[in-house]
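Chain residues, written in single-letter form:
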Amino acid sequence: MHESELLARVPEGLLINGEWRPAEGGRTLDVHDPATGQLVKQIADASVADGKAAMDAAAAAFPAWAATPARERAELLRHTFDLLKDRAEDFALLMTIEMGKPLAEARGEVTYGAEFVRWFSEEAAHVQGRYGANPEGTGRMIVSQHPVGPCYLITPWNFPLAMATRKIAPALAAGCTVVIKPAELTPLTTMFFAQLLVEAGLPAGVVNVVTTSTAGPVSEAIIGDPRLRKLSFTGSTPVGQRLLAQAAPGVLRTSMELGGNAPFIVFDDADLDKAVAGAMAAKFRNVGQACTAANRFIVHRSLVEEFTERVTAQVKGMKIGRGTESGVSIGPLIDDRAVAKARQLVDDAVERGAELRAGGQALEGPGTFYEPTVVSDVPEGSDILREEIFGPVLAIVPFDDEDDAVRIANDTEYGLVSYVYTENLARGQRMIERLETGMMGLNIGVVSNAAAPFGGWKFSGLGREGGAEGIHEYLQTKYTLTPNPFG
Ligand code: NAD
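Residues numbered from 1 in each chain as written. Predicted model: local features only at pLDDT ≥ 70, side-chain atom pairs only at ≥ 80, totals over all residues. Heavy atoms only, no water.

### Here we look at the site of the ligand
- Taken together, the neighbourhood of the ligand is formed by 30 residues, with Thr155, Glu184, Ser236, Leu258 and Glu388 sitting nearest.
- One nitrogen or oxygen atom from the side chain of glutamate 184 is found 2.6 Å from an oxygen atom belonging to the ligand.
- At 2.8 Å, a backbone N or O of leucine 258 approaches a nitrogen atom of the ligand.
- With the chains in place, 89% of the 830 Å² that the ligand exposes on its own is no longer accessible.
- More than half of the atoms of the ligand fall within 2 Å of the grid points belonging to the largest pocket. (Near = heavy atom within 4 Å. Polar contact = N/O pair within 3.5 Å; in protein donor to acceptor, adjacent residues only side chain to side chain. Areas by Shrake-Rupley, 256 points an atom, 1.4 Å probe, with all protein chains shown as cover. 1 Å grid on protein atoms, 1.4 Å probe; cavity = no way out; pocket = protein on both sides within 12 Å on 5 of 7 lines; lining within 4 Å. Sits in = over half its atoms within 2 Å of the grid points.)

Shown next, in the form of structure tokens:
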């Protein structure tokens, strides 16, 4: 389909109580293509009053949705999954246009994002309680699960479909209604997905979408609404910390998927072919703009030169361009700030003595491109080892023994994911126990899966998305005691 034809089919309003409507005062916000800098579409820019209207709709729709049989909720999700698979190409192209990722990766995200809809369609009907005698034999204990209530979902720009489905699908499966606020840089995919839910038969008010350029005030008003029961956020750690503080007065349930600073350790007993392939995937997927992106390559000194040469050779062969062009594996970064950050981190490392092996330059516009880059011998203390890079920069640090590797890997406030390459089983098992991260790739460079509990330790977050755990983020437990019916 032609791009303009696709864009014309994406809604431009706010979805509130089952209707797409303009924002208060007709305010709009512009969405741009980061590869060209051009305006893609103008959409509604919600005010605080619009956010409140969305909250009203979610609160009003909650009792009926919570009472809808789980099988019906499951079938609606399954129907949505089928529609999403049918429209996979449209969703992939839309993500490439608004976010910049290469089309092949956008197709991968449609598969990944759709998987959450299927997974939670299956989980919806499998929520269980329990019944049993208390130890004294005097009573019967009933444990049941209930939807938490209306939820507010905030998503980032880097995975426009998957971050939305990873929250919406479990919420709906559990019987919750939602207001979702996608990132203002990439709102179109969420709007297109919400339209699919409507087409699949979603009752009015169950999912409401507010797009806004004023995320702070709109969110604060929704979070402060006493009818809200849950906040689920994916984004940066500083914003997550602020939202946790806002959620405290309402004692809201919260799920926080925050930043990462993943170590990627290559031991001297690693299979180097596998490690190089894993490194390329863990670093350059999404042009490095993933919370799971490997941030620090910690490589045993005996292989560091060979590893560096091999990744450098691959990086030099990568094609940069708009994600719709064939063969492109490096699209644009999301905006000028992201380019400035990559440049500043690389410059700081080089000034401190790191060696620039490939890349290191921002490209002339239009578009916000930064070359895929390799820096080796990065000294401890460099900003690039402490901060989340969120760009196509592969930073290498040598180490000498296992304790050294573990110390460097754990020397961060983040704890989302780690990657370890070793052919030694016992060493791999030791790493599972020693690395302070919520997830780990052992001889593999990508860990995400709808069936897995995704989430971090330390400053990387609270709660889990996906897996058997994912639906429980949207359920609350009730324990009931009744007397022994036999007297
Ligand atoms: P961000 O924190 O700037 O924005 C995330 C979302 O929060 C956006 O929708 C934004 O509009 C909104 N937001 C910003 N300020 C707000 C405020 N004051 N009140 C309410 N909402 C506000 O992050 P980003 O740049 O969009 O995304 C990148 C970050 O997300 C990285 O740190 C990355 O690691 C993290 N991330 C984490 C995961 C995970 O699962 N752990 C997944 C993807 C991205």
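### Quick word on the domain arrangement of the protein
- According to the domain assignment, the protein consists of domain 1 (3-257) and domain 2 (262-453).
- A C-alpha centroid distance of 31 Å is found between domain 1 and domain 2.
- Contacts between the two partners involve 27 residues from domain 1, matched on the other side by 29 residues from domain 2.
- Summing the contributions of domain 1 and of domain 2, the shared interface buries around 2100 Å²; its carbon and sulfur component is 62%. (Domains from an automatic or database assignment. Contact = heavy atoms within 4.5 Å. Buried area = accessible area lost by both parts, 1.4 Å probe.)

### Things to note about the packing of helix H3 (residues 70-86) against helix H5 (residues 103-124)
- Taken N-terminus to C-terminus, the directions of H3 and H5 make an angle of 160 degrees; their axes are 8 Å apart at the nearest point. Taken together, the axis directions place H3 and H5 in an arrangement best described as roughly antiparallel. The handedness of the crossing between H3 and H5 is left-handed. Facing H3, whose interface residues are Ala70, Ala74, Leu77, Arg78, Thr80, Phe81, Leu84 and Lys85, H5 presents Val110, Thr111, Ala114, Glu115, Val117, Arg118, Phe120, Ser121 and Ala124.
- The residue makeup of the contact of H3 with H5, split by class, is 10 nonpolar, three polar and four charged. (Axes fitted to C-alpha atoms, helices over the stretch in contact; angles between N-to-C directions. Helix = DSSP H or I, 4+ residues; strand = E, 2+ residues; numbered from the N terminus. Parallel < 35°, antiparallel > 145°, perpendicular 65-115°, else oblique. Left-handed = near helix turned anticlockwise from the far one by under 90°. Nonpolar A, V, L, I, M, F, W, Y, C, P; charged D, E, K, R; others polar.)

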